[in-house]
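Survey of secondary and tertiary structure
Here is what each chain is made of, one letter per residue.
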Amino acid sequence: MIAVLALIVGVVLGIVLDPTVPVALQPYLPIAVVAALDAVFGGVRAKLDGVFDDKQFVISFISNVLVAGLIVYLGDQLGVGGQLSTGVVVVLGVRIFGNVAAIRRHLFRA
Amino acid sequence: MTTPTPPPTEPRYQADFLTELFRDPLDPGYADAAAATKARGYRRRPLWLRIVAGATMLSIGFLLAVAYQHTQAEQPGRAKVREGLIDQINARRTSVQTLADREEKLGDEVTRLRDAAIPGPEAARLRTAEAAAGYRKVTGDGIVVTIGDGPEKVDPVTGKVDLTTHVLDLDLRLIVNQLWANGAEAISINGNRLTSTSTIRLAGEAIQVDFQPMIGPYEVSAIGPGDLADDFDESRTADSYRGLVKEKGLTFSISERDDLVLPSAPDPVLRYATPLVSKSPSPSPSTSPSGGRK
């Protein structure tokens, strides 16, 4: 409940403040979003599984975003930034998909 | 927990990491944490951890909103720039057109006044010279050669456009030179009169005549002697293009027309040769290229 409220407050804050993203950080924004979505769906599924853990959730979010950003940065330096971003999106996408499937099984028993 | 909890054995990431990922996408950390909690008995989570988790959710929401707005802001920006450029091009084009109309009108007036001021035989000589040089509007019987691109062929594998079905600058040059050779007295391409210093070039994929981009099909109008049409029709140039019509699907036609009106070319930009400083006996560096003959 608190988590959902916090999410909504965050969205509202983002809309109201409308911050400009520094140019250097712009390529990492989509990757960070995908990583954050992965953490959110992982957390929701853990909650439904009854194994939710705050510490695990916080650390998984921070490390997800940081590692995904780092991989893309490394790829940019090596000249394979686009391919590595695709890799990150594929892996995280698979996880998001699997977690959403688990959530669906919880909610609809199907 | 509905899915069977994998035992938290240490070598979790085997060589078959992807299969593992598809089978159990949940962070194994959750299972570990749950097992640890169970081991030391249930305890309420400390408040600060819950606040940190709330803050994390807040920052995730913030991130989503920022990313959404960023993506939204980027899209119309690009379209706006494009639209602005198109508007600018159209505005410039109309202003160029009005200026060109005005120039033509003023040019006609200058010619009229000059003809009135110069005595008869001199004016006639000037008129003939101007018409021959391409700086006076001329009318007369002649022919129109029309040539156009063939059907667009795109390589299905590489996506490259096959340029051999396109009309190139070389084609127009060949036709124009053939017409000059057959005795044409005045030639224009799509209403652009050619002079002895005119250029027909390729810029990217567009043909430029005197730096004016042309759009196909290209109409080469020529005023000349009565047998111009027959001479051109029998020339090898015309022959080879009739071959290209069969081979590549270009369009090519020759038609005789009476009372063609060819506009005058824009006034020439005068270039003055300056003598070299060093008196070396090298051949004179000619700055004005001598083009086709009248």
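Residues numbered from 1 in each chain as written. Chains lettered and ligands numbered in written order. Predicted model: local features only at pLDDT ≥ 70, side-chain atom pairs only at ≥ 80, totals over all residues. Heavy atoms only, no water.

1. A few points about the overall build of chain B
- Broken down by element type, chain B carries seven helices and eight strands.
- When each of the 294 residues of chain B is scored for burial, the buried share is 29%.
- Look at the contacts in chain B between residues 6 or more apart in sequence, and 70% of them connect residues 24 or more apart.
- Put simply, chain B shows about 19,900 Å² of open surface, and 58% of that area lies on carbon and sulfur atoms. (Helix = DSSP H or I, 4+ residues; strand = E, 2+ residues; numbered from the N terminus. Buried < 20%, exposed > 50% of the residue type's maximum accessible area, 1.4 Å probe, protein only. Contact = heavy atoms within 4.5 Å. Areas by Shrake-Rupley, 256 points an atom, 1.4 Å probe, with all protein chains shown as cover.)

2. A look at the packing of aromatic side chains
Residues and elements named next belong to chain A.
- A complete count under the given rule lists two aromatic pairs over all chains for this structure.
- Judged by centre distance (5.7 Å) and plane angle (45 degrees), the ring pair of phenylalanine 52 and phenylalanine 57 falls under tilted.
- By relative accessible area, which is 3% here, phenylalanine 57 ends up buried. (Phe/Tyr/Trp six-rings, centres within 6.5 Å; stacked < 30°, edge-to-face > 60°.)

3. Thoughts on unusual backbone geometry
Residues and elements named next belong to chain B.
- Although it is not a glycine, asparagine 190 sits at a positive phi angle of roughly 50 degrees.
- In this structure, asparagine 190 sits in the loop between strand 2 (186–189) and strand 3 (192–193).
- Residues other than glycine seldom take positive phi values, yet aspartate 210 does so here, at roughly 50 degrees.
- Among the structural elements, aspartate 210 can be located in the loop between strand 5 (206–209) and strand 6 (212–214).

4. Examining the sheet that holds strand 5 of chain B
Residue and element names in this part refer to chain B.
- Strand order in the open sheet formed by three strands is 4-5-6, and the pairing between neighbours is antiparallel. Edge positions in the open sheet fall to strand 4 (200–203) and strand 6, since each of these has one partner strand only. Going from strand to strand, the sheet's axes swing by 40 degrees on average, the running direction of each strand aside.
- Both strand 5 and strand 6 contribute to a ladder of three bridges, which runs antiparallel. (Pairing = 2+ DSSP bridges. Axes fitted to C-alpha atoms, helices over the stretch in contact; angles between N-to-C directions.)

5. Considerations on a nonpolar patch on the surface
All names here are of chain A.
- Taken together, the side chains of Val67, Leu70, Ile71, Tyr73, Leu74, Leu78, Val80 and Leu84 present a nonpolar region at the surface, about 700 Å² in accessible area.
- When residues of the nonpolar patch are assigned to their parent elements, the largest contribution, six residues, is made by helix 3 (residues 54–78).
- Locating leucine 84 in the fold gives a position in helix 4 (residues 81–108). (Patch = residues over 30% accessible without salt bridge, like charges linked within 9 Å, V, L, I, M, F, W, Y side chains within 5 Å. Salt bridge = Lys/Arg side-chain N within 4 Å of Asp/Glu carboxyl O.)

6. Focus: the UniProt feature "transmembrane region" (unreviewed entry) in chain B
- Per the UniProt record, the feature "transmembrane region" (unreviewed entry) sits at residues 47–68 of chain B.
- In this annotation, residues 47–68 of chain B is assigned 100% helix and 0% strand; the end-to-end C-alpha distance for the span is 32 Å. (UniProt positions renumbered as here; feature names shortened; annotations may be inferred.)

7. A few points about the pattern of salt bridges
Residues and elements named next belong to chain B.
- Under the definition given, this model contains 10 salt bridges over all chains.
- Its salt-bridge partner being arginine 136, residue aspartate 115 comes within 3.6 Å of it at the nearest N-O pair. Residue aspartate 115 is located in helix 3 (residues 47–117), and its partner arginine 136 is located in the loop between helix 4 (120–133) and strand 1 (138–148); the two are separated by 21 residues in the primary sequence.
- Two residues, arginine 173 and aspartate 169, come together in a salt bridge whose shortest N-O distance is 3.6 Å. Here aspartate 169 and arginine 173 lie together in helix 5 (residues 169–181), a separation of four residues that amounts to about one turn.
- Taking relative accessible area as the criterion, arginine 173 reaches 34% and is therefore assigned partly exposed.
- Each member of the salt-bridge network shares a partner with another, and the members are Arg114, Asp115, Arg127, Glu130 and Arg136.

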